[in-house]
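Remarks on the overall topology
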Amino acid sequence: MSAEDQGRARAATFREQHNLGHAPLPDLVSLIELSQRIDVAVIEAEQDEHGMTMRDPVRQVVMVAVALTSHPMRQRSTLAHELGHVLFGDFAAPKAGGWDRRSPEEIRADAFARHLLVPIAGIKSVLADCDAGRTEDVRSGANVGEVQAARAKGRRGPEKVSLPELSVLVQRFKASPSLVAIQLCGARLISTAQKNEWMTLSTPTLAARFGWSDLYQGWQHESRTRRAPQRLLSRAIEGYMANVVSLQAVARLRGLPEEQIAAELEEAGIIPAEVAPVPVPAAGKRRPDTDFSELDALEESTGPAGDKSAPRAGRGAHGE
């Protein structure tokens, strides 16, 4: 089985195991954390760094990290790609050399990401909804062209997907035009030439052309927002409530000012538990762990160092 086929099959299995059907996926960070019980962090990184998966072989702990970016579709693709590495167990160190070609593991993770984010069955379902909508337009006497009317009756032309439909698919699946075009071509819904043309389009261009720029800008804000691993943050807050983790530590984990974190936690009713002070013993009261009177008496009986009147050790417990 090729790397492409392995990626496609594993994506289908993942969707089936988690009852995801063919619908667009929700927040990928939460999906990965909750389904795999691993930590995912969205952090600042170098411009050319998009994501990585790390594993501690001693503790068997896996963590995924992706970069903050103004490209939300790219971030989702990176998350799906790294999930592919996790599911396939691709934790070996990369081989030296061969930088001009992608390894089978990377090709497999790419295929997994594409089919996970934009399944072919999901594409066909969305296009069927588009056809149903046009059918209603025809029935209501709306002014539609012959091509649109033909499509409403199920007779699509050689290029079976229009540019407005591409925009719908990109918006619905929250995936780049390039990724969607590859899937459309793989499903034989567009030609290779059409795929190559649409791969040059950007998401902001489609959003501006078809009126969903405000939505896209909201996604950009989300993908530029730092996110701490949910499980790690949950444990830190538990420690804060127990008064064993400082507010500063929680704020550092979130990457936000202490004042903001304090106000947020207080508003949510999350406050540290009161710690009962350790009682100080009253003056003159003897405590077994701090009473050195016997030691003082012993020192007085032995006298100063070198004093000939000091008792000498003889036979007994210490032997010869």
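Sequence positions are assigned chain by chain, starting from 1 and proceeding in written order. Residues qualify for local features only when their pLDDT is at least 70, as the model is predicted, and side-chain atom pairs are given and counted only at 80 or more; totals for whole chains, interfaces and linings, by contrast, use all residues. The side-chain values count all of the structure's non-hydrogen atoms but skip hydrogen atoms and water molecules.

Some thoughts on the overall build of the protein chain
Put simply, the rule is: Each helix is a run of DSSP H or I of at least 4 residues and each strand a run of E of at least 2, with the numbering of both proceeding from the N terminus. Only protein chains enter the calculation, and the probe is 1.4 Å; a residue is then buried if its accessible area is under 20% of its type maximum, exposed if over 50%, and partly exposed in between. Contacts between residues were defined by any pair of non-hydrogen atoms, one from each residue, lying within 4.5 Å. All accessibility values rest on the Shrake-Rupley procedure with a 1.4 Å probe; residue burial counts only the protein chains present in the view.
Tallying secondary structure elements over the protein chain gives 15 helices and three strands in all. Buried positions account for 33% of the 320 residues belonging to the protein chain. In the protein chain, the proportion of contacts linking residues at least 24 apart, taken out of those at least 6 apart, comes to 64%. Surface accessibility of the protein chain: about 20100 Å² in total, with carbon and sulfur atoms responsible for 53%.

Quick notes on the environment of Ala251
When you line up the elements, Ala251 lands in helix H13 (residues 247-254). A relative accessible area of 4% means that Ala251 is categorised as buried. Along the sequence, Ala251 and Ile261 sit 10 residues apart, while their C-alpha atoms lie 6.0 Å from each other. Discounting chain neighbours no more than four positions away, the residues touching Ala251 are Leu256, Pro257, Glu258 and Ile261.

Overview of the packing of helix H1 (residues 3-17) against helix H3 (residues 72-88)
Going by this rule: Axis lines are fitted to C-alpha atoms, over the contacting stretch for helices. Their N-to-C directions set the angle, which ranges from 0 to 180 degrees. With respect to orientation, any angle under 35 degrees is reported as roughly parallel, any angle over 145 as roughly antiparallel, any angle of 65 to 115 as roughly perpendicular, and every other angle as oblique. Residue polarity is assigned by list, with Asp, Glu, Lys and Arg as charged and Ala, Val, Leu, Ile, Met, Phe, Trp, Tyr, Cys and Pro as nonpolar; anything else, Gly included, falls into the polar class.
Where H1 contacts H3, the axes come no closer than 11 Å and their chain directions differ by 90 degrees. In this view, H1 runs roughly perpendicular relative to H3, as classed from their interaxial angle. Along the contact surface, H1 presents Gln6, Gly7, Arg10 and Phe14, while H3 presents Leu83, Leu87 and Phe88. A class-by-class count of the residues in the contact of H1 with H3 yields four nonpolar, two polar and one charged.

Digging into the pattern of salt bridges
The test is simple: Basic side-chain nitrogens of Lys or Arg form a salt bridge, by our definition, when they fall within 4 Å of a carboxyl oxygen of Asp or Glu.
Under the definition given, this model contains 10 salt bridges. Each of the salt bridges in this network shares a partner with another, and the network as a whole consists of Arg102, Glu106 and Asp110.

Comments concerning the sheet that holds strand S3 (residues 61-67)
Applicable threshold: Here a strand pair is declared whenever DSSP counts at least two bridges between the two strands.
Here we have three strands laid out as an open sheet, ordered S1-S3-S2, and mixed in their pairing. If you trace the sheet from one side to the other, it starts and ends with strand S1 (39-43) and strand S2 (51-56), each paired once. Here the average twist between neighbouring strands, direction ignored, is 20 degrees. By the bridge criterion, six bridges tie S2 to S3 in an arrangement that is antiparallel.

Some words on the nonpolar core
Which entries qualify depends on this criterion: Here, nonpolar core means buried Ala, Val, Leu, Ile, Met, Phe, Trp, Tyr and Cys residues that are tied together by side-chain atoms lying within 4.5 Å of each other.
With 49 residues, the main nonpolar core has Phe14, Leu116, Val118, Leu169, Val180, Leu184 and Trp212 as its most contacted residues. Discounting residues that sit within four places of it in the chain, Phe14 has contacts with Leu20, Leu31, Ser35, Gln36, Leu83, Leu87, Phe112 and Leu116.

Here's the deal with the side chain of Gln183
In plain terms, the rule: Between N or O atoms, a polar contact is any pair within 3.5 Å; within protein, one atom must be a potential hydrogen donor and the other a potential acceptor, and residues adjacent in sequence are included only when both atoms are from side chains.
Positionally, Gln183 belongs in helix H8 (residues 177-186). Residue classification places Gln183 among the buried residues on the basis of a relative accessible area of 3%. Here Val118 takes part through its backbone oxygen, which lies 2.9 Å from a polar atom of the side chain of Gln183. Excluding anything up to four places from it in sequence, Gln183 contacts Arg114, His115, Val118, Ile120 and Ile123.

Remarks on helix H2 (residues 28-36)
Taken together, the buried positions of H2 are Leu28, Val29, Leu31, Ile32 and Glu33. Looking at the packing, one finds that the buried side of H2 touches H1, S1, H3, helix H4 (104-117) and helix H12 (230-241). Phi turns positive, to about 55 degrees, at Arg37, one or two residues after H2.

A look at the environment of Ser30
Within the secondary structure, Ser30 is located in helix H2. A residue is classified by how much of its surface remains accessible, and Ser30, at 21% relative accessible area, is partly exposed. C-alpha separation for the pair Ser30 and Gln230, spaced 200 residues apart in sequence, amounts to 8.1 Å. Separated by 2.8 Å, the side chains of Ser30 and Asp27 make a polar contact.

Notes on the packing of aromatic side chains
Applicable threshold: A pair of aromatic rings is counted whenever rings of Phe, Tyr or Trp (Trp by its six-membered ring) have centres within 6.5 Å, and the orientation is called stacked for planes under 30 degrees apart, edge-to-face for over 60 and tilted otherwise. Whether a charge sits over a ring comes down to the Lys NZ or Arg CZ being within 6 Å of the ring centre and within 35 degrees of the ring normal.
If you walk through the whole model with that rule in mind, you get two aromatic pairs. Each ring, one from Phe14 and one from Phe112, has its centre 6.5 Å from the other, and the planes form 80 degrees; the classification is edge-to-face. Of this pair, Phe14 sits in helix H1 while Phe112 sits in helix H4, and the two are 98 residues apart along the sequence. Phe112 carries the same exposure label as Phe14, and that label is buried. Geometry around Phe88 places Arg108 over its ring, the cationic atom sitting 4.0 Å from the centre.

Some words on the environment of Ala65
For Ala65, the location among the structural elements is in strand S3. Here Ala65 falls in the buried class, since its relative accessible area comes to 8%. Taking C-alpha positions, Ala65 is 9.6 Å from Glu44, a pair spaced 21 residues apart along the chain. Once you skip the residues sitting within four places of it in the chain, Ala65 turns out to touch Ala41, Ile43, His50, Gly51, Met52 and Met54.

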